[in-house]
Amino acid sequence: MGRAGRRPSMDAMVRDLYGSLGEGLRLDEPLHRLGAIFRSHISGLHIENFGAHCGRLTLAGEIGSHEFVEISEAYGNRWNGQNLWMERSFEGFRRRGWQHGEAVVGGAELRASAYYRHFLKPLDIRHGLGICIWSGGAFDMAVASFHRRHRDRGFDAEDWKLVEQVRPHLVNVYAIYRRIARLEESLTSFRACFDRAPLSMLMLAVDGRVLEANEAAHAVLARAGITFTRERHLALPPQLQRRYRDALHELAGSPIAPARSLLVEHESPGSSAPRRYVLHLCAMPANALPGSRAGTRVLAFLAELQGRQADPLGETVLCGALGLTITEARVALALRCHVDVAATARALKISPNTVRAHLRSIHDRLGIRRTSGLFQLLERVLGSLPTES
């Protein structure tokens, strides 16, 4: 089959590629645009862990929405480690940033594989080309893949030359996408957690004014007998006011100051014993800023201690302050307690690889590279949370 039409100039392709990000925070458009350039009827984005032989796939091209869901689920659940093209292209991805299927798997071997019969052939895929657009650690990679039908010519030297030219721009586009996605995720996760958290949360200005309080906060403040002054400050018991002001001054003055906790006791009418609450204060983490009220310098959490242990409180603090999922928060707290991965895995009754996977997700979400940096961040956000004695 001959080549159809002339490709646009490199300048036009690059402008189109970067401009595709303006279509929305999805990679469908860049994949569609490059798919047309490479004459690929189905293109994909693979997020692969070559060490664990697992991954997930997003597809774009000539495929229906129902078929898209089925194929994406099948790839993650059934074909991990069985994609011959992907598994054997690892060295090529690492060495030069791309690889094509015919270079690593012969036609007869490919057609004899279950992956071809049940995955590639139903999609009319015979030729494949993969471009590594991100790598993290030793085995994690994001790979853009492009495919041609059985009746089409395979990828050749002209395509490989184009890969060398376009790959740096595709790497940049993916880096921009990841950065925007993290910002949007932090905005969404922080805002959603603040609005819906069962634990009361407040955003405080540098002088202690309450800029915003979620619904749970109003209920707990009422039970604890804490009201707002006319200037929107917390009207705490006199014996706590100085400690509260000192904590605010320290936290608002330094984003790395350790968190502070104050115990508040409130005697309700008819109650035999005072109820105890913890007011936990921490400097506003940088990753929470996109979803916070302008001027927020300190996050406050208020919770009743009766029947409450430190870990559930700590989980909610980490979810609210850092935007972690509840599972990531539990892993972070367990690691803080047990220090090493093996002990953390035993405590949580999960595998060490699962712990490491959650840690990679936490590091990526928070923009930190080392576990020591995570420990420092946890100390700043959690400080020394009290437990019910």
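Residues numbered from 1 in each chain as written. Predicted model: local features only at pLDDT ≥ 70, side-chain atom pairs only at ≥ 80, totals over all residues. Heavy atoms only, no water.

Asker: Give me the lowdown on the side chain of H127, citing residues and values where you can.
Answerer: Inspection of the secondary structure puts H127 in strand 4 (residues 127-136). The buried category is assigned to H127, whose relative accessible area is 9%. Within the local environment of H127, its side chain forms a polar contact with the side chain of E102, the two groups lying 2.4 Å apart. Within the local environment of H127, its side chain forms a polar contact with the backbone oxygen of D152, the two atoms lying 3.1 Å apart. (Helix = DSSP H or I, 4+ residues; strand = E, 2+ residues; numbered from the N terminus. Buried < 20%, exposed > 50% of the residue type's maximum accessible area, 1.4 Å probe, protein only. Polar contact = N/O pair within 3.5 Å; in protein donor to acceptor, adjacent residues only side chain to side chain.)

Asker: Run through the sheet that holds strand 4, naming residues and quoting values.
Answerer: Pairing is antiparallel in the open sheet, where 5 strands are placed in the order 2-1-5-4-3. Looking at strand neighbours, the two that pair on one side only are strand 2 (54-61) and strand 3 (98-100), the edges of this open sheet. Averaged over all neighbouring strand pairs, the angle between strand axes comes to 20 degrees, with direction disregarded. The strands touched by helix 2 (residues 28-37) are strand 1 (42-49), strand 2 and strand 5 (140-148); relative to strand 2, the strand with the most contacts, the crossing angle is about 65 degrees. (Pairing = 2+ DSSP bridges. Axes fitted to C-alpha atoms, helices over the stretch in contact; angles between N-to-C directions. Contact = heavy atoms within 4.5 Å.)

Asker: Residues and numbers for the packing of helix 12 (residues 326-338) against helix 13 (residues 341-348), please.
Answerer: The geometry of helix 12 relative to helix 13 is characterised by a closest axis approach of 9 Å and an angle of 125 degrees between their N-to-C directions. When the axes of helix 12 and helix 13 are compared, the pair comes out oblique. In this structure, helix 12 crosses over helix 13, and the sense of that crossing is right-handed. Facing helix 12, whose interface residues are R330, V331, A334, L335 and H338, helix 13 presents V341, A343, T344, A347 and L348. Looking at the contact of helix 12 with helix 13, its residues break down into 7 nonpolar, 2 polar and 1 charged. (Parallel < 35°, antiparallel > 145°, perpendicular 65-115°, else oblique. Left-handed = near helix turned anticlockwise from the far one by under 90°. Nonpolar A, V, L, I, M, F, W, Y, C, P; charged D, E, K, R; others polar.)

Asker: For the pairing of strand 11 (residues 275-283), give the residues involved together with the corresponding values.
Answerer: Strand residues, when the strand is regular, have side chains that alternate between the two faces of the sheet. Of all the 9 residues making up strand 11, 7 are buried; the element is thus mostly covered by neighbouring parts of the structure. Relative to strand 11, strand 10 (residues 260-266) is paired through 7 bridges, and the arrangement is antiparallel. Looking at strand 11, one finds that L262 is bridged to L279.

Asker: How would you explain the confidence of the model for the protein chain if you had to name every residue and give the values?
Answerer: Averaged over every residue, the pLDDT of the protein chain is 80; the share at 70 or more is 80%. Least confident of the elements in the protein chain is helix 3 (residues 65-77), whose mean pLDDT is 64; most confident is strand 3, at 95. (pLDDT = per-residue confidence, 0-100.)

Asker: I'd love a proper account of the pattern of salt bridges, names of residues and values included.
Answerer: Side chains bearing opposite charge may pair, as long as their charged atoms lie close to each other. Considering all chains together, one arrives at 9 salt bridges under this definition. Residue R178 is joined to D364 by a salt bridge in which the shortest nitrogen-to-oxygen separation is 3.0 Å. Of the two residues, R178 sits in helix 8 (residues 157-196) while D364 sits in helix 14 (residues 352-366), which places them 186 residues apart along the sequence. The class for R178 is buried, based on a relative accessible area of 15%. You can call D364 partly exposed: its relative accessible area is 32%. (Salt bridge = Lys/Arg side-chain N within 4 Å of Asp/Glu carboxyl O.)

Asker: For the pairing of strand 5, give the residues involved together with the corresponding values.
Answerer: In terms of burial, strand 5 is a largely internal element, 9 of the 9 residues being buried. Burial of the side chains of strand 5 extends over both faces: D140, A142, A144, F146 and R148 are buried on one face and M141, V143, S145 and H147 on the other. As defined by bridge partners, strand 1 adjoins strand 5 across 8 bridges and the pair is classed as antiparallel. By the bridge assignment for strand 5, E48 is matched with M141. If you look at the hairpin formed by strand 4 and strand 5, you'll find 3 residues sitting between the two strands, and G137 has a positive phi there, around 70 degrees.

Asker: Please provide a residue-by-residue account of the nonpolar core, values included.
Answerer: General note: in soluble globular proteins, nonpolar side chains tend to be found buried as a group. Ranked by size, the top nonpolar core spans 33 residues in total, and within it L318, L366 and L374 carry the most contacts. Listed by contribution, the elements that provide at least two residues to this core are strand 6 (200-204), strand 11, strand 12 (298-304), helix 11 (310-322), helix 12, helix 14 and helix 15 (371-382). When neighbours within four sequence positions are excluded, L374 is seen to be in contact with L335, L359, I362, H363, L366 and I368. Core analysis: the second largest hydrophobic core is formed by 27 residues, L204, I226, L236 and L251 among them. (Core = buried A, V, L, I, M, F, W, Y, C linked by side-chain atoms within 4.5 Å.)

Asker: Lay out unusual backbone geometry with the relevant residues and their values.
Answerer: Even without being a glycine, D124 presents a positive backbone phi close to 55 degrees. By secondary structure assignment, the location of D124 is in the loop between helix 7 (114-120) and strand 4. Phi at K349 is positive, roughly 60 degrees, even though this residue is not glycine. Relative to the elements of secondary structure, K349 occurs in the loop between helix 13 and helix 14.

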